[in-house]
Amino acid sequence: MLTLYSYWRSSAAYRVRIALNLKGLAYRQVPVHLVKDGGQQRSADYCALNPQGLVPLLVDTDSGAGEVRIAQSLAILEYLDEVFPVPALLPVEPADRAQVRALALHIACDLHPLNNLRVLQYLSATLGVDDSAKNAWYRHWVSVGLAAVEQGLAHFDGRLSLGHRPGYLEACLVPQVYNARRFDCDLSGYPRVLEMAARCESLDAFAQAAPEVQPDAT
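Owing to the predicted nature of the structure, the values given are computational and were not obtained by experimental measurement.

Thoughts on the environment of Leu74
Now for step 1: Along the polypeptide, Leu74 turns up in helix α3 (residues 73–83).
Now for step 2: Owing to a relative accessible area of 11%, Leu74 belongs among the buried residues under this scheme.
Now for step 3: For the pair formed by Leu74 and Tyr46, sequence separation is 28 residues and the distance between their alpha carbons is 20 Å.
Now for step 4: What Leu74 contacts, discounting residues up to four positions off in sequence, is Ala104, Leu105, Ala108, Tyr168 and Cys172.

Following this line, the structure appears as structure tokens:
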């Protein structure tokens, strides 16, 4: 049994939902609302499960080594690829695997953390940044981050990261594009990014992971 502690608008949880769907794995979702009740991820009960106080959290009760709890979306993707290797999320060739990981890490570790909910809340509530300035902050870092991704995608020469099918990279890219659109970012300068996202978004694995169709979507 796989259980995913998730929030419908969390792009990190979105990545994991995509990966689980790409692998055809059944899983149960437990919603953790990041805004209600002061942020349910901060509750004592949830922090007892995940001391980081973040989503997602994957719990595997059938690992053969007792219950396994894994935080951090990229660690979860790596775990899924090792425990459930078919279909793979990462390319076979070491150079391609490294390129995928480099771009995914750039999205997940350089771009996304500057624009996630707790940073935006801190800008507003603690530093007193108004909505206009906060949105300018968001769009600036999206622009910087996606410009680098756009250049990095040249390595794949119009292909998906696994040739004709998506995997680890696309699981990170599509949620970031979703968030950029939500904040009305100008994406016209990133044709490779938009092409890769468009090829994925119509696939069932991505459509079923989309925020609006999650059980806790409000």
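Let's talk about the sheet that holds strand β3 (residues 57–60)
Now for step 1: Here four strands make up an open sheet; going across it, the order is β2-β1-β3-β4 and the pairing mixed. The sheet is open, and its two borders are formed by β2 (28–31) and β4 (68–71), each paired with just one other strand. Within the sheet, the average angular offset between the axes of one strand and its neighbour, ignoring direction, is 20 degrees.
Now for step 2: Pairing of β3 with β4 involves four bridges; the strand directions are antiparallel. Looking at the pairing, Asp60 lines up with Val68 of β4.
Now for step 3: In this fold helix α1 (residues 11–22) packs onto β1 (2–6) and β2, with an angle of close to 155 degrees to the strand it touches most, β1.
Now for step 4: Contacting β3 and β4, α3 runs over the sheet at an angle of about 135 degrees to β4.

A closer look at the domain arrangement of the protein chain
Now for step 1: Taken domain by domain, the protein chain holds domain 1 (2–87) and domain 2 (94–206).
Now for step 2: Between the C-alpha centres of domain 1 and domain 2 there is a distance of 20 Å.
Now for step 3: At the junction of the two partners, domain 1 supplies 15 residues and domain 2 supplies 22 residues.
Now for step 4: Buried area between domain 1 and domain 2, summed over both chains or domains, comes out near 1800 Å², and the portion from carbon and sulfur atoms is 62%.
Now for step 5: Where domain 1 touches domain 2, the interface holds one salt bridge.
Now for step 6: We note a salt bridge from Arg101 to Glu78, for which the minimum N-O separation is 3.0 Å.
Now for step 7: Along the contact surface separating domain 1 from domain 2 lie five residue pairs in polar contact (both at pLDDT 80 or more).
Now for step 8: Top element by residues in the side of domain 1 that touches domain 2 is α1. It accounts for six residues.
Now for step 9: In terms of residue class, the side of domain 1 that touches domain 2 is made up of nine nonpolar, two polar and four charged.

Conventions we followed
- Residues numbered from 1 in each chain as written.
- Predicted model: local features only at pLDDT ≥ 70, side-chain atom pairs only at ≥ 80, totals over all residues.
- Heavy atoms only, no water.
- Helix = DSSP H or I, 4+ residues; strand = E, 2+ residues; numbered from the N terminus.
- Buried < 20%, exposed > 50% of the residue type's maximum accessible area, 1.4 Å probe, protein only.
- Contact = heavy atoms within 4.5 Å.
- Pairing = 2+ DSSP bridges.
- Axes fitted to C-alpha atoms, helices over the stretch in contact; angles between N-to-C directions.
- Domains from an automatic or database assignment.
- Buried area = accessible area lost by both parts, 1.4 Å probe.
- Salt bridge = Lys/Arg side-chain N within 4 Å of Asp/Glu carboxyl O.
- Polar contact = N/O pair within 3.5 Å; in protein donor to acceptor, adjacent residues only side chain to side chain.
- Nonpolar A, V, L, I, M, F, W, Y, C, P; charged D, E, K, R; others polar.

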